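Each chain, written out:
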Amino acid sequence: AQSVTQLDSHVSVSEGTPVLLRCNYSSSYSPSLFWYVQHPNKGLQLLLKYTSAATLVKGINGFEAEFKKSETSFHLTKPSAHMSDAAEYFCVVSDPGSYQKVTFGTGTKLQVIP
Amino acid sequence: NAGVTQTPKFRVLKTGQSMTLLCAQDMNHEYMYWYRQDPGMGLRLIHYSVGEGTTAKGEVPDGYNVSRLKKQNFLLGLESAAPSQTSVYFCASSPVGQGASGANVLTFGAGSRLTVL
């Protein structure tokens, strides 16, 4: 069985400071991992994905995530927060080739303080 | 580029009423999904489809039915709405064949907010 745990339900940062959103996963296979972002009253948009290639994955809007197998983690980072980054972020794990076995984390709401 | 379009965006129902949510995608994706999003619970899969004419149950299928008569459309029906079905519903689609990794990237609609009184 696979699972994903987002360690913080809310994160608050000041504009211009680094962002760290934490995600741990559990999977019986070599999983695919994703981060999605959801702005208020919008659908989810893919930020980045890990699919067993480079362990450091770069996404849109300056975000990146590092796959650490030994720590079963896939934390999302950004060097400098922008006001437009305020949103909810979801970590997602998927067993390879299993279109229905996609498990979402419970989400982390990022607040950016001016 | 429309992507995934959901209608209606908002709906209020009384307990026991029925309704259908429509999802349409114009990307020729094989797979389509219906999720519900509830506070603190992430997204949970209701039903999904791997192609025209096929449907399957997800994690929380009770109280819902689906149909995929055309490849581009995926309908979610509530036969007798209950307050527990108050939620935001998201449709998503993905192509088949993401390579050896099998990483199916989902494209989401904007959501349909349903309130059952």
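Whatever comes next refers back to the structure up there.
The following refers to the structure shown. Just so we're clear, the structure is a prediction, and the values are computed from it rather than from any experiment. (Residues numbered from 1 in each chain as written. Chains lettered and ligands numbered in written order. Predicted model: local features only at pLDDT ≥ 70, side-chain atom pairs only at ≥ 80, totals over all residues. Heavy atoms only, no water.)

### Concerning the interface of chain B and chain A
Here is step 1: The interface is formed by 23 residues belonging to chain B together with 21 residues belonging to chain A.
Here is step 2: Surface buried jointly by chain B and chain A totals about 1,700 Å² across both partners, of which 61% is contributed by carbon and sulfur atoms.
Here is step 3: Joining chain B to chain A, the criterion identifies 0 salt bridges.
Here is step 4: At the surface where chain B touches chain A, the tally comes to 2 residue pairs in polar contact (both at pLDDT 80 or more).
Here is step 5: Secondary-structure elements contributing two or more residues to the side of chain B that touches chain A are β4 (31–37) and β5 (43–49) of chain B.
Here is step 6: Sorting elements by how many residues they give to the side of chain B that touches chain A places β4(B) first, with 4 residues. (Contact = heavy atoms within 4.5 Å. Buried area = accessible area lost by both parts, 1.4 Å probe. Salt bridge = Lys/Arg side-chain N within 4 Å of Asp/Glu carboxyl O. Polar contact = N/O pair within 3.5 Å; in protein donor to acceptor, adjacent residues only side chain to side chain. Helix = DSSP H or I, 4+ residues; strand = E, 2+ residues; numbered from the N terminus.)

### Section: the sheet that holds strand β3 (residues 19–25) of chain B
Residues and elements named next belong to chain B.
Here is step 1: With respect to topology, 4 strands assemble into an open sheet ordered β1-β3-β8-β7, the strand pairing being antiparallel. Single-partner strands in this sheet number two, and they are β1 (4–7) and β7 (64–67). Across the sheet, the axes of successive neighbouring strands diverge by a mean angle of 20°, strand direction being ignored.
Here is step 2: Where β1 and β3 come together, 4 bridges link them in antiparallel fashion. In the strand pairing of β3, T5 is matched with A24. (Pairing = 2+ DSSP bridges. Axes fitted to C-alpha atoms, helices over the stretch in contact; angles between N-to-C directions.)

### Re the state of the cysteines
Residue and element names in this part refer to chain A.
Here is step 1: For the coordinates displayed, the defined rule picks out 2 disulfides over all chains.
Here is step 2: Here C23 is linked by a disulfide to C91, with a sulfur-sulfur distance of 2.0 Å. Since a negative S-S torsion denotes a left-handed disulfide, the C23-C91 link at about -70° is left-handed. With C23 in strand β4 (residues 23–26) and C91 in strand β10 (residues 87–94), the pair connects residues that are 68 residues apart, well separated along the chain.
Here is step 3: The class for C23 is buried, based on a relative accessible area of 0%. (Disulfide = S-S within 2.5 Å. Buried < 20%, exposed > 50% of the residue type's maximum accessible area, 1.4 Å probe, protein only.)

### Points about the pairing of strand β6 (residues 44–50) of chain A
Here is step 1: Alignment of strand β5 (residues 32–38) of chain A against β6(A), held across 6 bridges, turns out to be antiparallel. When the bridges of β6(A) are listed, A:V37 appears paired with A:Q45.

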